[in-house]
Amino acid sequence: MSVLVSDRTLYTADWVLPISSAPIRHGAVLVQAGRIAFVGAASALTVTPGALRTVPLGNAVLLPGFVNAHSHLELTLLRGFLEGLDFRDWLRTLTTVRRDLMSESVLLDASRAGIREALRNGITCLADTTDSGAPLTAMREYGVRGVGYLEVFGPDPAQCDASLAQLQARVFEARAQDTPLVRTGVSPHAPYTVSRDLFSATAAWSRWMSAAYSARSANEGSARTARPSSWPKKASCGYCGFSVHSVPSLSNTATRSAGAMSWAATRNATTASRADPG
């Protein structure tokens with residue numbers, strides 16, 4: 001491949017890992033106008049001197065950005081504040097602090113801080129579950145790729161219509177700001193805060209809207225302490241974008257619907273649940 005255009009940047013490294021193919025020793029990645037134009041061995045390129053900017057990374061591994069499949073960017077500033085609490089106290093404290101102390105500007109600053117930390121650690125794509133929508137704004141500002149899943153709550157079936165209407169209004173407003181990199185999705189919070197009716201209605205509406213959908217399924221180790229016995233133990237959610245605190249019923253639903261699953265090992269560990277799905 002011959003390179004003659006001056007608006008290109010060539011990155012070279014001892015190793016390039018395309019992920020979709022085998023590792024490349026002494027590899028190169030050519031970027032033009034913000035898009036990757038070439039990935040391969042550096043020796044396969046014929047470069048005209050002065051025709052492009054070259055960034056030799058040397059003893060490094062160059063690979064695609066990582067994906068954080070479940071984040072809460074707007075809560076970045078609370079790291080360490082809730083550790084050591086059992087699930088009931090954790091949820092109560094988080095709700096109180098979020099409501100009383102974290103303004104929209106604080107949530108946005110927290111989201112920005114979370115994205116900066118993500119980028120420092122090689123994460124360039126986020127699936128963020130949010131109540132405020134601030135992470136969507138921050139993701140657009142920083143040029144990362146991601147989905148912001150707007151949460152809906154409503155444990156009482158009588159709340160279903162009103163909760164869904166509120167979610168729909170928020171989604172319509174947020175989607176007007178969507179970009180090719182950042183999209184708005186929906187997320188029923190969890191089986192212990194969302195009724196079966198609301199789970200199903202949210203899933204059906206997201207399918208009709210072709211909106212990304214994320215559902216957190218409740219591990220018995222956490223939900224047992226927070227969910228009244230009258231609430232359903234299973235939720236018929238239609239399909240799941242990904243799931244945290246996974247249980248077989250929702251895992252199987254996601255699998256049948258070609259959904260993806262993620263496992264929140266740290267969250268499970270702090271709620272005395274299994275730290276891995278094995």
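The structure this text deals with has already been given above.
Rules behind the numbers
- Per chain, the residues get numbers from 1 upward, laid out in the order the sequence is written.
- Note on the predicted model: pLDDT of at least 70 is required for a residue's local features to be given, and 80 or more for side-chain atom pairs to be given and counted; whole-chain, interface and lining totals, by contrast, use all residues.
- Computation of side-chain values: all heavy atoms of the structure, hydrogens and water removed.
- The helix count covers DSSP runs of H or I at least four residues long, the strand count covers runs of E at least two residues long, and both are numbered beginning at the N terminus.
- To sort residues, take the accessible area from a 1.4 Å probe on protein chains only and compare it with the maximum for the residue type: under 20% means buried, over 50% means exposed, and anything in between is partly exposed.
- Here, two residues are considered to be in contact whenever any of their heavy atoms come within 4.5 Å of each other.
- Per-residue and other accessible areas follow the Shrake-Rupley method at a 1.4 Å probe size, with only the shown protein chains counted as cover for residues.
- In these notes, a set of buried Ala, Val, Leu, Ile, Met, Phe, Trp, Tyr and Cys residues joined through side-chain atoms within 4.5 Å is what counts as a nonpolar core.
- Here a polar contact is taken to be a pair of N or O atoms separated by no more than 3.5 Å, where protein atoms must pair a possible hydrogen donor with a possible acceptor and residues adjacent in sequence count only if both atoms sit in side chains.
- Each residue after the first adds 1.5 Å to the expected span of a helix.
- Here the axes come from fitting lines to C-alpha atoms, over the contacting stretch only for helices, and the angles between their N-to-C directions go from 0 to 180 degrees.
- Oblique is the label for any angle not covered by the other classes, which are roughly parallel (under 35 degrees), roughly antiparallel (over 145) and roughly perpendicular (65 to 115).
- Handedness of a crossing is defined here by the sense of rotation of the near helix relative to the far one, left-handed for an anticlockwise turn of less than a right angle and right-handed for a clockwise turn.
- Polar here means any residue outside two lists: the nonpolar Ala, Val, Leu, Ile, Met, Phe, Trp, Tyr, Cys and Pro, and the charged Asp, Glu, Lys and Arg; Gly therefore counts as polar.
- Two strands form a pair only when DSSP identifies at least two bridges running between them.
- By arc we mean the arc of the directions from the helix axis to the C-beta atoms, nothing more.
- Only the six-membered ring of Trp is used, alongside the rings of Phe and Tyr, when aromatic pairs are assigned; centres must lie within 6.5 Å, and planes under 30 degrees apart are stacked while those over 60 apart are edge-to-face, with the rest tilted.
- A pair is scored as a salt bridge if a Lys or Arg side-chain nitrogen falls within 4 Å of a carboxyl oxygen belonging to Asp or Glu.

(A) Focus on the overall build of the protein. Along the backbone of the protein there are eight helices and 12 strands. Taking all 278 residues of the protein together, the buried fraction comes to 44%. Long-range contacts, defined here as pairs at least 24 residues apart, represent 64% of the contacts in the protein between residues at least 6 apart. With the model as given, the accessible surface of the protein reaches about 14,300 Å², and the carbon-plus-sulfur share is 55%.

(B) Structural context of the nonpolar core. Counting residues in hydrophobic clusters, the biggest one holds 40 residues, and the most contacted among them are Leu126, Met139 and Leu167. Contributions of two or more residues to this core are made by helix H1 (87-101), helix H2 (104-120), strand S9 (123-130), helix H3 (134-142), strand S10 (145-152), helix H4 (160-175), strand S11 (182-188) and helix H5 (196-209). Excluding residues within four positions of it along the chain, leucine 126 makes contact with Asn68, Ser71, Leu73, Ala118, Met139, Val144, Arg145, Gly146 and Val147. In this structure, Leu10, Ala28, Phe38 and Leu52 belong to the second largest nonpolar core, which totals six residues.

(C) Expanded view of the side chain of serine 132. Note on placement: serine 132 falls in the loop between S9 and H3. A distance of 2.5 Å separates polar atoms of two side chains, one belonging to serine 132 and the other to glutamate 74.

(D) Structural context of H2. Look at H2: 25 Å from first C-alpha to last across 17 residues, which is about the 24 Å you get at 1.5 Å a residue. Listing the buried residues of H2 in full gives Leu107, Leu108, Ala110, Ser111, Ala113, Gly114, Ile115 and Ala118. Tucked inside the fold, the buried residues of H2 contact H1, S9 and H3. Residue glycine 122 follows H2 closely and has a positive phi angle near 85°.

(E) Expanded view of the packing of H4 against H5. One can describe the packing of H4 onto H5 by two numbers: an axis separation of 10 Å at closest approach and a directional angle of 30°. It follows that H4 is roughly parallel to H5 by the angle criterion. Here H4 and H5 pass one another in a crossing that is right-handed. Where H4 abuts H5, its residues Cys160, Ser163, Leu164, Leu167, Gln168, Val171, Phe172 and Arg175 lie against Asp197, Leu198, Ala201, Thr202, Trp205 and Met209. Grouping the amino acids of the contact of H4 with H5 by side-chain chemistry returns nine nonpolar, three polar and two charged.

(F) Expanded view of the sheet that holds strand S12 (residues 212-213). Strands sit in the order S8-S9-S10-S11-S12 across an open sheet of five strands; the sheet is parallel. With partners counted over all chains shown, the strands left at the sheet margins are strand S8 (66-71) and S12, one partner each. Summarising the sheet, S8 and S9 pair through four bridges and their orientation is parallel. Pairing of phenylalanine 66 across the sheet is with isoleucine 123, part of S9.

(G) Region of the structure containing H1. Here H1 is 15 residues long and its end C-alpha atoms lie 21 Å apart, about the 21 Å a rise of 1.5 Å per residue gives. Those residues of H1 lying buried are Phe87, Trp90, Leu94, Val97 and Arg98. Seen from one end, H1 has its buried residues packed into an arc of 105°, which puts them on one side.

(H) Seen up close, the packing of aromatic side chains. Within the structure shown, the criterion is met by one aromatic pair. With 5.8 Å between their ring centres and 85° between their planes, phenylalanine 172 and tryptophan 205 make a pair best called edge-to-face. Within this pair, whereas phenylalanine 172 is found in helix H4, its partner tryptophan 205 is found in helix H5, the two being separated by 33 residues in sequence. By relative accessible area, phenylalanine 172 is classed as partly exposed at 47%. We classify tryptophan 205 as buried; its relative accessible area is 9%.

(I) Structural view of the pattern of salt bridges. Tallied over the full model, the rule gives six salt bridges. In this structure, arginine 92 engages aspartate 89 in a salt bridge whose closest nitrogen and oxygen atoms are separated by 2.8 Å. Separated by three residues within a single helix, arginine 92 and aspartate 89 lie in helix H1, roughly one turn from each other. A relative accessible area of 47% places arginine 92 in the partly exposed class. Between arginine 112 and glutamate 141 there is a salt bridge; the shortest N-O distance is 2.8 Å.

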